[in-house]
Amino acid sequence: MTAVLVIGATGKQGGAVTDLLLRRGHDVTAYVRSPESQAARSLAAQGVRLMAGDLADREALAKAAAGAEAVFGLSVPFGPGGMEQEIEQGRVLVDVAAGLGVHLVYSSVRGGDRTAAGGVEHAGSKQRIEAYLRGQDVRATVLGPVYFTENLLNLGFTGLGRGVLTMPLSPDKKLDQVTVLDIAGMAVHAIENPGDLVGRRVDLASDSVTGREAAAVLGRVIGREIPYEQMPIEQVRRWAGQEIAAMFQSFEENTQFLDTAALRERYPEVGWHDFEEWARTVDWDRLLAS
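Residues numbered from 1 in each chain as written. Predicted model: local features only at pLDDT ≥ 70, side-chain atom pairs only at ≥ 80, totals over all residues. Heavy atoms only, no water.

## Concerning the sheet that holds strand β9 (residues 174-178)
Strand pairing in a sheet relies on backbone hydrogen bonds. The paired strands run either parallel or antiparallel.
Part 1 of the argument: One open sheet holds the 3 strands; their spatial order is β7-β9-β11, and the pairing between them is mixed. The open sheet terminates on both sides in strands that have one partner only, identified here as β7 (147-148) and β11 (207-210).
Part 2 of the argument: Here β7 pairs with β9 via 2 bridges, running parallel. Of the residues in β9, the one forming a bridge with Tyr147 is Gln177.
Part 3 of the argument: Across the face of the sheet, helix α9 (residues 211-222) comes into contact with β9 and β11 while running at roughly 95° to β11. (Pairing = 2+ DSSP bridges. Helix = DSSP H or I, 4+ residues; strand = E, 2+ residues; numbered from the N terminus. Contact = heavy atoms within 4.5 Å. Axes fitted to C-alpha atoms, helices over the stretch in contact; angles between N-to-C directions.)

Next comes the structure, spelled out in structure tokens:
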């Protein structure tokens, strides 16, 4: 059993990590902004210890991490302070882990180890955090997830609420995707095997599918035809802003896909999910009814 502090335990990534840690018998503390929130109370009911604090609060984070052997951490893009706020969060996290000598499992983004600037701001902030991390004496494993499969559950954006799949990509353009279930699998594998994973950086993808393929899979799983529609990038820009539009434009132009077969072979303990396996974990009847 390992004592683990999880940052973001009420969110998608941290929640999946927390759930898997509990199922594997680890001692989990959650670092939460509001212990009185419904999500935090639900964690406490499962035996998770709650510690309150903000990601930029160095003293509170150090107090929460005291006694932990490992920390699963992330930084939050799209906050009111923008890119600089996220970078400061990452630096605080690295400093606290280094000061306590704990194993930091940091969830970054694919390409966060590159030095050349890209056109997507939240990827650039991760690059600067990783550059800072490399300059510190910290025991760390860095994960580089690609696009989250769970983004499909935003029914308004993806069109699934009206019975279609809409994405800003050409119908036959492949998109590397990762489910938070596999991020959690890799994070917990790293926590349980620090001797093998400290000092490593692993880009993560569960599957690579086109929009047309994803629509066909969802049709089989949901039980009715799901047509694919390409959303104009200008519509993305109007709805979600320039940064998200730039991200999808980079996906459209991408020609370097991760080798998911090699990932599965190297890290079988993760329990990987291809796109259809992930889709079958979703309660579509409940989700679509809501």
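## Points about the packing of aromatic side chains
Part 1 of the argument: Taken as a whole and judged by the stated rule, the model has 6 aromatic pairs.
Part 2 of the argument: With 5.6 Å between their ring centres and 80° between their planes, Tyr147 and Phe251 make a pair best called edge-to-face. You can see Tyr147 sitting in strand β7 and its partner Phe251 sitting in helix α11 (residues 242-253), a full 104 residues away along the chain.
Part 3 of the argument: On the basis of relative accessibility, which here comes to 8%, the residue Tyr147 falls in the buried class.
Part 4 of the argument: By relative accessible area, which is 19% here, Phe251 ends up buried.
Part 5 of the argument: Through pairs of rings, three or more aromatic residues link up here, namely Tyr147, Phe157, Phe248 and Phe251. (Phe/Tyr/Trp six-rings, centres within 6.5 Å; stacked < 30°, edge-to-face > 60°. Buried < 20%, exposed > 50% of the residue type's maximum accessible area, 1.4 Å probe, protein only.)

## Re the environment of Arg41
Part 1 of the argument: With respect to the element layout, Arg41 can be found in helix α2 (residues 38-45).
Part 2 of the argument: Every residue in contact with Arg41, bar those within four places of it in the chain, is listed here: Pro35 and Glu36.

## So, helix α7 (residues 180-192)
Since the α-helix turns once every 3.6 residues, residues separated by three or four places project in the same direction.
Part 1 of the argument: The first and last C-alpha atoms of α7 sit 18 Å apart over 13 residues, in line with the 18 Å expected at 1.5 Å per residue.
Part 2 of the argument: Most of α7 sits out of view: 11 of its 13 residues are buried.
Part 3 of the argument: Of the residues making up α7, those classed as buried are Val180, Asp182, Ile183, Ala184, Gly185, Met186, Ala187, Val188, His189, Ala190 and Ile191. (Expected span 1.5 Å × (residues − 1).)

## Points about the pattern of salt bridges
Part 1 of the argument: This structure, assessed with the given rule, holds 18 salt bridges.
Part 2 of the argument: Where Glu276 meets Arg280, a salt bridge forms, and the shortest distance between an N and an O atom there is 2.9 Å.
Part 3 of the argument: Glu276 sits in the partly exposed class, given a relative accessible area of 22%.
Part 4 of the argument: Taken together, the salt bridges that share partners define one network made up of Asp113, Glu130, Arg201 and Asp203. (Salt bridge = Lys/Arg side-chain N within 4 Å of Asp/Glu carboxyl O.)

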